[in-house]
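Topology and contacts: notes
The lines below spell out each chain.
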Amino acid sequence: MQAHSIEALSPVDFDEFITYLDDHLRENGSPAVGYFQPLSRSAAPFPEERKVAFRAGLEIAVGEPGWRRAWVARGAEQQILGHIDLRGHAERYAAHRCLLGMGVHRDLRRQGLGAALIEHARVWAASSELEWLDLQVLSNNQAALALYEQAGFVRVGEVPHMFKIDGHAFSYTTMTRPCSSQ
């Protein structure tokens, strides 16, 4: 499976995206993959209230409360192979920053697609006059931490035992990088 293109997620393609995302989240907490999202195994489908906010955010102007932008990587047969999304911080006076979220199909991990998605989002953010990309990741997700560090993110903090999920405690690492290519 090779990525063919990275394109903006349109509201028309949103239901297809949710199907992809639900499949992706079914792996969360599995013995083979471990936890990569602060969600219980029983919450594998993307929560309905988050679907509504995500979809609405695609139509909100950047800089306005609740905005979000997303891109999908598609294969030669137009299947979704990965995604990345940026959204505004909820905090006032943080409009120059955004939060990053992403995922890559299980068959394409560690093959460069994640790095390509991050670079695509970084370039878009810089051209949209955003100054900083921020993210949070479960501290046990060593593969994600390595990818983000390779992409220029630095660890700026960790909240120990932030989540109790399915009887397990998880810490949360915050990372950041400037949108400029420096």
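Let me sum up the structure you'll find in this document.

Cut-offs applied
- Residues numbered from 1 in each chain as written.
- Predicted model: local features only at pLDDT ≥ 70, side-chain atom pairs only at ≥ 80, totals over all residues.
- Heavy atoms only, no water.
- Helix = DSSP H or I, 4+ residues; strand = E, 2+ residues; numbered from the N terminus.
- Buried < 20%, exposed > 50% of the residue type's maximum accessible area, 1.4 Å probe, protein only.
- Areas by Shrake-Rupley, 256 points an atom, 1.4 Å probe, with all protein chains shown as cover.
- Lys, Arg positive; Asp, Glu negative; His and termini not counted.
- Charge placed at Lys NZ, Arg CZ, Asp CG, Glu CD.
- Core = buried A, V, L, I, M, F, W, Y, C linked by side-chain atoms within 4.5 Å.
- Contact = heavy atoms within 4.5 Å.
- Disulfide = S-S within 2.5 Å.
- Pairing = 2+ DSSP bridges.
- Expected span 1.5 Å × (residues − 1).
- Axes fitted to C-alpha atoms, helices over the stretch in contact; angles between N-to-C directions.
- Parallel < 35°, antiparallel > 145°, perpendicular 65-115°, else oblique.
- Left-handed = near helix turned anticlockwise from the far one by under 90°.
- Nonpolar A, V, L, I, M, F, W, Y, C, P; charged D, E, K, R; others polar.

Observations regarding the overall build of the chain
When helices and strands are counted, the chain shows four helices and seven strands. Listed N to C, the secondary structure of the chain is β-α-α-β-β-β-α-β-α-β-β in terms of helices and strands. Taking the principal axes of its C-alpha atoms as reference, the chain extends roughly 40 × 40 × 30 Å. Buried residues in the chain amount to 44% of all 182 residues. On the chain, roughly 9700 Å² of surface is accessible, and the fraction owed to carbon and sulfur atoms is 52%. Put simply, the chain has 18 plus and 22 minus side-chain charges, and the middle of one group is 4 Å from the middle of the other.

As for the nonpolar core
Across soluble globular proteins, you tend to see nonpolar side chains buried next to one another. I84, L86, L100, M102, Y148 and F153 are the most contacted members of the largest nonpolar core, which has 27 residues in total. Within the residue set of this core, elements represented by two or more residues are strand 2 (68-75), strand 3 (80-88), strand 4 (97-104), helix 3 (113-127), strand 5 (132-138) and helix 4 (142-150). Among the elements that take part in this core, helix 3 stands out by supplying five residues, more than any other. Apart from the residues within four sequence positions on either side, M102 is in contact with H83, I84, D85, G114, L117, I118, L147 and Y148.

Considering unusual backbone geometry
Located in the positive-phi region is Q78, a residue other than glycine, with phi close to 70°. The topology assignment puts Q78 in the loop between strand 2 and strand 3. At H161, a residue that is not glycine, the phi angle is positive and equals roughly 50°. Turning to its location among the elements, H161 is positioned in strand 6 (residues 154-165). Classification of H161 by relative accessible area gives exposed; the value is 58%.

Let's talk about the state of the cysteines
Following the criterion strictly, the structure yields zero disulfides and no others. In this model C98 remains outside any disulfide bridge; the closest cysteine sulfur is found in C179, 5.3 Å from its own. Residue C98 is classed as buried on the basis of its relative accessible area of 0%. Residue classification places C179 among the buried residues on the basis of a relative accessible area of 1%.

What about the pairing of strand 2?
Side-chain positions along a regular strand alternate between the two faces of the sheet. Here strand 2 lies mainly inside the structure; eight of its eight residues are buried. Pairing geometry for strand 2 and strand 3, over seven bridges, is antiparallel. Residue pairing across strands places R69 opposite L86, the latter belonging to strand 3. Counting the residues that bridge the hairpin from strand 2 to strand 3 gives four residues, and of these Q78 lies at a positive phi of roughly 70°.

Re helix 3
The first and last C-alpha atoms of helix 3 sit 21 Å apart over 15 residues, in line with the 21 Å expected at 1.5 Å per residue. Taken together, the buried positions of helix 3 are L113, G114, L117, I118, A121, R122 and A125. Trailing helix 3 by a residue or two, E129 shows a phi angle of about 65°, which is positive.

Focus on the packing of helix 1 (residues 14-25) against helix 2 (residues 48-57)
Contact geometry for helix 1 and helix 2: axes closest at 12 Å, N-to-C directions at 135°. As judged from the angle between their axes, helix 1 and helix 2 are oblique. The chirality of how helix 1 crosses helix 2 is right-handed. Here F14, D15, F17, I18 and D22 of helix 1 lie close against helix 2, whose contacting residues are K51, F54 and R55. Residue composition of the contact of helix 1 with helix 2, by class: four nonpolar, no polar and four charged.

Here we look at the environment of L100
Positionally, L100 belongs in strand 4. A sequence separation of 14 residues divides L100 from G114, and the C-alpha atoms of the two residues are 12 Å apart.

Shape descriptors only; they carry no functional weight alone.
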